[in-house]
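Overview (structure and organization)
The lines below spell out each chain.
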Amino acid sequence: MDRLGSLKPIGSYPTFNDGAHNNGRRAAADGEHNPDSWATFSASAGGSGVTTTSYAVCTENADPATVDVTVRHSQSDGPFAATTGLLQIVSCPTSDGALLGGGAAMSGTDMTTADFTNPGSQGDHLNGSYPSDASGNPLADGTTGAQSWTAFTHTGGAGSSVPTISHAWALCAMTTEPAATPTPTPTPVPTPTPTPVASPTPQQTPIPPTTATCGNTGVLNAAGNMCTYTTTGSDSFTVPAGVSSVTLDVVGARGGHYFIAGDAAHGGSPAGDITGRPGGNGGEATGILPGLSPGQVLQVDVAGKGINGTAASRSGGMMNGPPAGKAHSVVLGAPMTLVVYSRFMRPV
């Protein structure tokens, strides 16, 4: 590493890249949440050709609903006497979660309310910024459960004047697990009564179908005797060789719900809004489609859930109510089965 002459670090702290924090010149204050930036300051008694670099360790796709980072900050005046140091300690309370990281600085201002300025002397410098116990002692390698961060500041060979302030920051992370989604109880499906056939014609041995049998969106099961369609829109089913009839299992979509915007007499919107319960589940039907020929192409249509409706009045009967779940027309049994599900078939 090259020598940097009289250059020394005096600040490394969490902040926000916004106007309220003057794009990093003002540090994150105690109690602020989820800082998005990191800033670094250094000082030199002279010279050129050196660069101060700031690094931020970032996490991707953090969900604020399950991860919350709280900033904790403490500060003290000093140190002032020559060749003296000061330990500035800040800790994460249990209610804020576990220690994630921290920062430290020396400045001439309260950095959380005003822009950073240099401390009282050119000799002032930041000697340490590290995880610690509540007394400022550094933690040993492998220690778990750290809750405190310590800044160690020093005046150097000359004394420092007022104002000189030592700062420490702790980043405290609280993680919560998202609520589990209950599994809905399936609606029992009645067993259809088979239609008697007077003189059944022996069926030839079917040729196993390919995925092309199920069109563009249908899914062929491992046994090769069932196509399942769940994607909204129109698709097709091609009757494979050796198949002359198909069994259909068609499940309808949910209905929509109604919504009434709050008026002036009820506190306006959204305070006075009324949102109805979700629409009911769609029905289910099964049947057999006979008389098919190998190579015949049948159309399969999958619709969506019922649209939401609005009401013109908060009292009296419902007007402009939402329709029930949209129907699904399907065309596809033994030995092939076609199952068609509407989008949003069950509430989650």
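See the structure above.
Cut-offs used in this document
- Residues numbered from 1 in each chain as written.
- Predicted model: local features only at pLDDT ≥ 70, side-chain atom pairs only at ≥ 80, totals over all residues.
- Heavy atoms only, no water.
- Salt bridge = Lys/Arg side-chain N within 4 Å of Asp/Glu carboxyl O.
- Helix = DSSP H or I, 4+ residues; strand = E, 2+ residues; numbered from the N terminus.
- Pairing = 2+ DSSP bridges.
- Axes fitted to C-alpha atoms, helices over the stretch in contact; angles between N-to-C directions.
- Disulfide = S-S within 2.5 Å.
- Buried < 20%, exposed > 50% of the residue type's maximum accessible area, 1.4 Å probe, protein only.
- Phe/Tyr/Trp six-rings, centres within 6.5 Å; stacked < 30°, edge-to-face > 60°.

Throughout the structure, instances matching the rule amount to three salt bridges. A salt bridge links Arg 26 to Asp 115; the nearest nitrogen and oxygen atoms lie 3.4 Å apart. Within this pair, whereas Arg 26 is found in the loop between strand E1 (8-15) and strand E2 (37-43), its partner Asp 115 is found in the loop between strand E5 (98-107) and strand E6 (125-132), the two being separated by 89 residues in sequence. The salt bridge involving Arg 72 is made with Asp 30; its shortest N-O contact spans 3.1 Å.

Taken together, the five strands give an open sheet; going across it, the order is E2-E1-E5-E8-E3, and neighbouring strands pair in antiparallel fashion. With partners counted over all chains shown, the strands left at the sheet margins are E2 and strand E3 (67-77), one partner each. The sheet shows a mean angle of 25 degrees between the axes of neighbouring strands, taken without regard to direction. Judged from the seven bridges that link them, E1 and E2 form a sheet pairing that is antiparallel. The residue bridging Thr 15 from the neighbouring strand is Ser 37, located in E2.

This part takes up the state of the cysteines. All chains considered together, the criterion is met by two disulfides. Between the sulfur atoms of Cys 214 and its disulfide mate Cys 227 the distance is 2.0 Å. Its S-S torsion of approximately -65 degrees makes the covalent link between Cys 214 and Cys 227 left-handed. Placement of the pair is Cys 214 in the loop between strand E8 (165-175) and strand E9 (219-220) and Cys 227 in strand E10 (residues 226-229), with a sequence separation of 13 residues. Comparing Cys 214 with Cys 227, the two get one shared label, buried.

Our next topic: the packing of aromatic side chains. A full pass over the atoms with the stated rule returns three aromatic pairs. Considering the side-chain rings of Phe 41 and Phe 116, the 4.0 Å spacing of their centres and the 20 degrees angle between planes classify their relative orientation as stacked. Taken together, the residues Phe 41 in strand E2 and Phe 116 in the loop between E5 and E6 connect sequence positions 75 residues apart. According to the relative accessible area criterion, Phe 41 is partly exposed, its value standing at 25%. These aromatic residues form a ring-pair network of at least three members: Tyr 13, Phe 41, Phe 116 and Trp 169.

In short, shape yes, function no, at least from these values alone.
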